[in-house]
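One letter stands for each residue in the lines below.
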Amino acid sequence: MNIVDRRLNPRGKSLANRQRFLRRARKQILEAVREASARDGITGGGNSRIRIKADSLREPRLAPAAEGGERFHVVPGNKDYVEGDRIPRPPSGEGRGRGGSGDGESEDAFQFVLSREEFIDLFLEDLELPDMLRKELRETEGTTPRRAGYQTSGAAANLNLVRTMRNSLSRRIALKRPRPEEIAAREAELAALERSGEAEQEVIARLTLELEQQRRRSRRVAFIDPIDVRYNRFENVPRPASRAVMFCLMDVSGSMTAHMKDLAKRFYKLLYLFLSRRYERVEIVFIRHTHLAREVDEETFFSSTESGGTVVSTALEEMQRVLAARYPREQWNIYAAQASDGDNMPADNAHAVAVLQNAILPACQYFAYLEVGPEDERYGGSTELWRAYQRIAKAGLPIAMRKVNHRSQIYPVFRQLFSRDRAVRTEAPA
Amino acid sequence: MSTIGESFCITSGSEWNFDQLRRAHDHIERIARGELGLDIYPSQIEVITSEQMLDAYSSIGLPLMYRHWSFGKRFARDEALYRNGYSSLAYEIVINSNPCIVYIMEENSLAMQALVVAHAAFGHNHFFKNNGLFKQWTDAGGILDYMEFAKTYIARCEDRHGEEAVEQVLDAAHALMNQGVSRYPRRRSLDLQEEERRESERRAEEERTFNDLWRTLPEGQAARGKRSELAERQRLLGLPEENILYFLEKKAPLLKPWQRELLRIVRHIAQYFYPQKQTRMMNEGCATFTHYHIMNRLHEQGTLDDGAMLEFLHSHTSVVFQPDFDDPRFSGINPYALGFAMMQDIKRICLSPTAEDRAWFPDIAGNADPHATLREAWVAYRDESFIRQFLSPALIRQLKLFEVHDDSHSDLVVEAIHNERGYRAIRSALADSFDVIKREPELEIVDVELDGDRRLLLQNRVHDGIMLDDDDAERVLDHLAMLWGYEVRLVEIDATSEKVLRTFDAGPLEVT
């Protein structure tokens, strides 16, 4: 008998099977994921329970049907039946309490738990940051040291012992430095001869001389010489920027209803989630504006209302200020999303467009303008701000614009904006 | 920690360590070998976590398994059930291998570990090593090596031919897994020496029984020509063949060598598990009987304290609980309950038989050696024959078994109850319900239209009007057509009247 402790074996033995399973049911899982996300949003951590139709996961077998034909059953627990008794047929083929297996049901729908990572992966599948590659190559965030061979000087911590000892050994061999064992052997030999007292003086003198020579050589030729020493060499490799900052700009003037803010919030959340999967660190800057713009924290951003007129350019100027103060564009990937109902003081449009075009867009990776409308609106004509922005968009600058009226449109619009497929992405807004 | 063997005692606490486990095992072994006379493979007890238990579940109980999505599906489902508390995990998994691998979970108490060791490392282990079906059909020494080979081979195929291509073949093979089993040993092809010996025997027999009168008999059989053509083709193709996977592996015209090897792997695994399907009730009965005896003896010896004994009894009674047919918890006959009850009953018959027992079981009644009797039964029987041989009237009365006839449209009729007139009918019907061959459809490949479009012809002989599940059958047939490469037809015919009841057709998908 043999007892083996397997508890520390690597976990996730069935991970490969799970990946195959997810791939197999991919289409259905994707639908379920979209559905689940429409239901709960993608806030919060934890795992998501997914329920999918089991059709593509069915494992058919050639087996007898569950019903039909003549059958004989032997069952326990007879209370008062005697031979020849007739028992009324239980309804819907549920053969006398045999229905409890539930196997039939579990085949129709299949329920399991997706980890949060798997969920997000599927959720954001096919999306990518526009022009990310180009930016990453151009912008770097400091440098990172990488091993690059050896050097002859350096810090003690970087001493490469193996390389050093190899050099030392080859040098000792080349210079015929006697090994300690050899010296010891010769000493022993000499001592034995002296003790026996039979050896001739000449021999002893010769041995002593040789020993002396060996000792001297051993002293002269160092065990480790400075020329043997090697240090690990590191090269500083530029690291692509992996930090992003996301600006949330929102109009909080009286015309923005709670519904509109909710739409904007959902969009910001998606954007944040998406960015945080692509970048190591994502910072968010919230800027809200009426006729004045202010950088606020998240709480204030979404909750409290303020009254006043609407001057969009103030928010853009505030963003410009923050950019200049804290987020140099060499070091940060900059994203911005603006949500507004499209109201703006008519006189301000030209100025807003100018700021956007001259200061913001050149720094930004991507600027998304989301025009939120009331839920019931179906034919909202384009607003002043929309028309103004549209002119820039036509000029080919990195700005994307969409209109959203209902919560259910958020996700499709988001997918459209970040779709891997360029044709979908650049499709003209409806 | 004490080192004196005598002072060792299994208590009901939840803490245990490896040393205690080892000593519990040694105590159990003394009883298992000494009193029960069990003959076992060396066992390897592997301690795992609940997560690893879920892993082991998903790969149908083998420690090594190739990769396939269906195992991932099983894992996902079991995990969801377990995490939500709908089901608890098994206490152990035991593998028919040499050495016999027993997985036990770290969470269990020492009393439960002792139960599991007695149950699996001795009960199941003995059954695996000695039962005739396992001896004939499985190779306990080679299974782990074979699975290692299968796993790497299939992984290599995935690398070379792509996951999808491999998956397609495996899906199809899994769909036909139940039809990938040989129920009888295949006839070996004769070697020359054997052929000569038979020939000379035949000649000697002919000489011995020569009678010139036979020459004068007229040569009937005019219809022979047409029939022999079919017979010749069947002979060449080795038909009829019930092992569909075997036939495809050997004869399917379009499969590539690696695809044939995949079919072979799935077929071997199906064959490996086939004895377990036929002996589930006996196997569990044997293990349950063994652990029950051992745990009681441990308690008598004082190695198991009262608390641990109560803990054991609690889990034992829930394992062998058999709800009545009208109980909402009823889901068929519990194989643990029936197996355990029958083996306890045999023990009773051996030790203190009644007059009825002497009449029904003259061979074993009162032979005073229940353990030897059981050991013989464990070797020679499978579920179906075991019930046919050993289900006693006393047990039928105790379980209050009764037989119901269901013709699928009118009222159910009680055919037999636990009385003198009913015993044999109940015993026979219960044995039938444990007979794997009767539970599975009688499918065979009967012909290939070699002079036409190479259509493969299958036949399902329908007994008692129980047809195939048609939705599944169509899907399986699609898989089969994919492997065969040409059209496939499945005909269901009534076994008694030879009337064709239903026909399924499938063709390989057009590759565009």
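Model, not experiment: these values are computed from the prediction.

The rules we used
Residues numbered from 1 in each chain as written. Chains lettered and ligands numbered in written order. Predicted model: local features only at pLDDT ≥ 70, side-chain atom pairs only at ≥ 80, totals over all residues. Helix = DSSP H or I, 4+ residues; strand = E, 2+ residues; numbered from the N terminus. Buried ≥ 20, exposed ≤ 12 C-beta atoms within 10 Å, placed from the backbone. Contact = placed C-beta atoms within 7 Å. UniProt positions renumbered as here; feature names shortened; annotations may be inferred. pLDDT = per-residue confidence, 0-100. Nonpolar A, V, L, I, M, F, W, Y, C, P; charged D, E, K, R; others polar. Domains from an automatic or database assignment. Pairing = 2+ DSSP bridges. Axes fitted to C-alpha atoms, helices over the stretch in contact; angles between N-to-C directions. Parallel < 35°, antiparallel > 145°, perpendicular 65-115°, else oblique. Left-handed = near helix turned anticlockwise from the far one by under 90°.

**A few points about the overall build of chain B**
Stage number 1. The secondary structure content of chain B amounts to 21 helices and nine strands.
Stage number 2. For chain B, the spread of C-alpha atoms along the three principal axes comes to 85 × 65 × 60 Å.
Stage number 3. Every one of the 512 residues in chain B was classed for burial, and the buried ones make up 41%.
Stage number 4. Long-range contacts, defined here as pairs at least 24 residues apart, represent 71% of the contacts in chain B between residues at least 6 apart.

**Overview of the overall build of chain A**
Stage number 1. Each helix and strand in chain A was counted, giving 15 helices and 13 strands.
Stage number 2. Sorting the 430 residues of chain A into buried and exposed places 26% on the buried side.
Stage number 3. Within chain A, contacts between residues at least 6 apart in sequence are counted, and of these 81% link residues at least 24 apart.

**Considering the UniProt feature "domain: SpoVR-like C-terminal" (unreviewed entry) in chain B**
Stage number 1. In this numbering, the UniProt entry assigns the feature "domain: SpoVR-like C-terminal" (unreviewed entry) to residues 441-495 of chain B.
Stage number 2. Strand forms 38% of residues 441-495 of chain B and helix 27%; the C-alpha atoms that close the span are 11 Å apart.

**A few points about the confidence of the model for chain B**
Residues and elements named next belong to chain B.
Stage number 1. Summarising the model, chain B shows a mean pLDDT of 86, and 94% of its residues fall at 70 or more.
Stage number 2. With pLDDT under 50 throughout, residues 1-5 is counted as low confidence; its partners more than four residues away or in other chains account for two contacts.
Stage number 3. Interface confidence in the predicted complex, given as ipTM, is 0.80; pTM for the same model is 0.71.

**Thoughts on the environment of His371 of chain B**
Residue and element names in this part refer to chain B.
Stage number 1. In this fold, His371 is placed in helix α16 (residues 370-380).
Stage number 2. His371 sits in the partly exposed class, given 16 other C-beta atoms within 10 Å.
Stage number 3. Along the primary structure His371 and Cys350 are separated by 21 residues, whereas in three dimensions their C-alpha atoms are 9.1 Å apart.

**Some words on the interface of chain B and chain A**
Stage number 1. The partner chain A presents 56 residues to the 81 residues of chain B that form the contact.
Stage number 2. Counting residues per element, the side of chain B that touches chain A draws most heavily on helix α3 (residues 69-83) of chain B, at 11 residues.
Stage number 3. Across the side of chain B that touches chain A, the residue classes tally to 36 nonpolar, 21 polar and 24 charged.

**Re the domain arrangement of chain B**
Residue and element names in this part refer to chain B.
Stage number 1. Considered domain by domain, chain B is made up of domain 1 (8-131), domain 2 (348-437) and domain 3 (439-506).
Stage number 2. Each of domain 1 and domain 2 has a C-alpha centre, and these two points are 31 Å apart.
Stage number 3. The interface is formed by five residues belonging to domain 1 together with four residues belonging to domain 2.
Stage number 4. Looking at the side of domain 1 that touches domain 2, its residues break down into two nonpolar, three polar and no charged.

**Here's the deal with the sheet that holds strand β4 (residues 86-87) of chain A**
Sheet strands pair via backbone hydrogen bonds, and the direction of the pair is either parallel or antiparallel.
Stage number 1. With antiparallel pairing, four strands are arranged side by side in an open sheet as β3(A)-β4(B)-β5(B)-β4(A). Edge positions in the sheet fall to β3 (71-75) and β4 of chain A, since each of these pairs with one other strand and no more.
Stage number 2. Here β4 of chain A runs beside strand β5 (residues 412-416) of chain B; their pairing, made up of two bridges, is antiparallel. The residue bridging Ile87 of chain A from the neighbouring strand is Leu412 of chain B, located in β5 of chain B.
Stage number 3. Across the sheet, helix α19 (residues 423-433) of chain B lies against β3 of chain A together with β4 (402-406) and β5 of chain B, angled at about 105 degrees from β3 of chain A, the strand it touches most.

**With respect to the sheet that holds strand β12 (residues 366-372) of chain A**
Residues and elements named next belong to chain A.
Stage number 1. Here we have six strands laid out as an open sheet, ordered β10-β9-β8-β11-β12-β13, and mixed in their pairing. One side of each edge strand has no neighbouring strand; the edge strands of this open sheet are β10 (293-296) and β13 (399-404). This sheet shows a mean twist of 20 degrees between the axes of neighbouring strands, independent of strand direction.
Stage number 2. Examined bridge by bridge, strand β11 (residues 333-340) and β12 share six bridges and lie parallel to one another. Bridge pairing in β12 links Ser340 to Glu371.
Stage number 3. Across the sheet, helix α13 (residues 384-394) is in contact with β11, β12 and β13; its angle to β13 comes to roughly 145 degrees.

**Focus: the environment of Ala118 of chain B**
All names here are of chain B.
Stage number 1. Residue position: Ala118 is located in helix α4 (residues 110-130).
Stage number 2. Taking the C-beta count within 10 Å as the criterion, Ala118 has 29 such neighbours and is therefore assigned buried.
Stage number 3. Residues in contact with Ala118, not counting those within four places in the same chain, are Ile28, Gly123, Thr290, His291, Ile294 and Met295.

**What to know about unusual backbone geometry**
All names here are of chain B.
Stage number 1. A cis amide bond links Asn98 with the next residue in sequence, Pro99, at an omega value of 5 degrees.
Stage number 2. Summarising the element assignment, Pro99 is placed in the loop between β2 (92-95) and β3 (100-105).
Stage number 3. Notably, Ala368 is not glycine yet its phi reads approximately 65 degrees, a positive angle.
Stage number 4. Here Ala368 lies in the loop between α15 (355-360) and α16.
Stage number 5. Positive phi values are uncommon outside glycine, yet Arg454 reaches one of about 60 degrees.

**A short note on the confidence of the model for chain A**
Residues and elements named next belong to chain A.
Stage number 1. Summarising the model, chain A shows a mean pLDDT of 77, and 81% of its residues fall at 70 or more.
Stage number 2. Considering each helix and strand of chain A separately, the mean pLDDT is smallest for helix α3 (residues 103-108), with a value of 42, and largest for helix α6 (residues 161-174), with 94.
Stage number 3. Counted against residues more than four places away or in other chains, residues 41-45, with its pLDDT under 50, gives eight contacts.
Stage number 4. Contacts for the low-pLDDT stretch residues 132-138, under 50 throughout, to residues beyond four places or in other chains number five contacts.

**Comments concerning the packing of helix α6 (residues 143-161) of chain B against helix α11 (residues 257-278) of chain B**
Residue and element names in this part refer to chain B.
Stage number 1. Taken N-terminus to C-terminus, the directions of α6 and α11 make an angle of 150 degrees; their axes are 11 Å apart at the nearest point. The orientation of α6 with respect to α11, classified from their angle, is roughly antiparallel. Once α6 is placed against α11, the crossing between them reads as left-handed. Counting all contacts with α6, which are made through Ile143, Tyr146, Ala150, Tyr153, Ile154, Cys157 and His161, the residues of α11 involved are Trp258, Glu261, Leu262, Ile265, His268 and Tyr272.
Stage number 2. Taken together, the residues of the contact of α6 with α11 sort by class into 10 nonpolar, two polar and one charged.

**Observations regarding the packing of helix α10 (residues 244-251) of chain B against α11 of chain B**
Residue and element names in this part refer to chain B.
Stage number 1. For the pair α10 and α11, interaxial distance at closest approach is 9 Å and the crossing angle is 160 degrees. Of the possible angle classes, the one that applies to α10 and α11 is roughly antiparallel. Crossing hand, α10 versus α11: left-handed. Of the residues in α11, those in contact with Leu245, Tyr246, Leu248 and Glu249 of α10 are Arg260, Leu263, Arg264, Val266 and Arg267.
Stage number 2. By residue class, the composition of the contact of α10 with α11 is five nonpolar, no polar and four charged.

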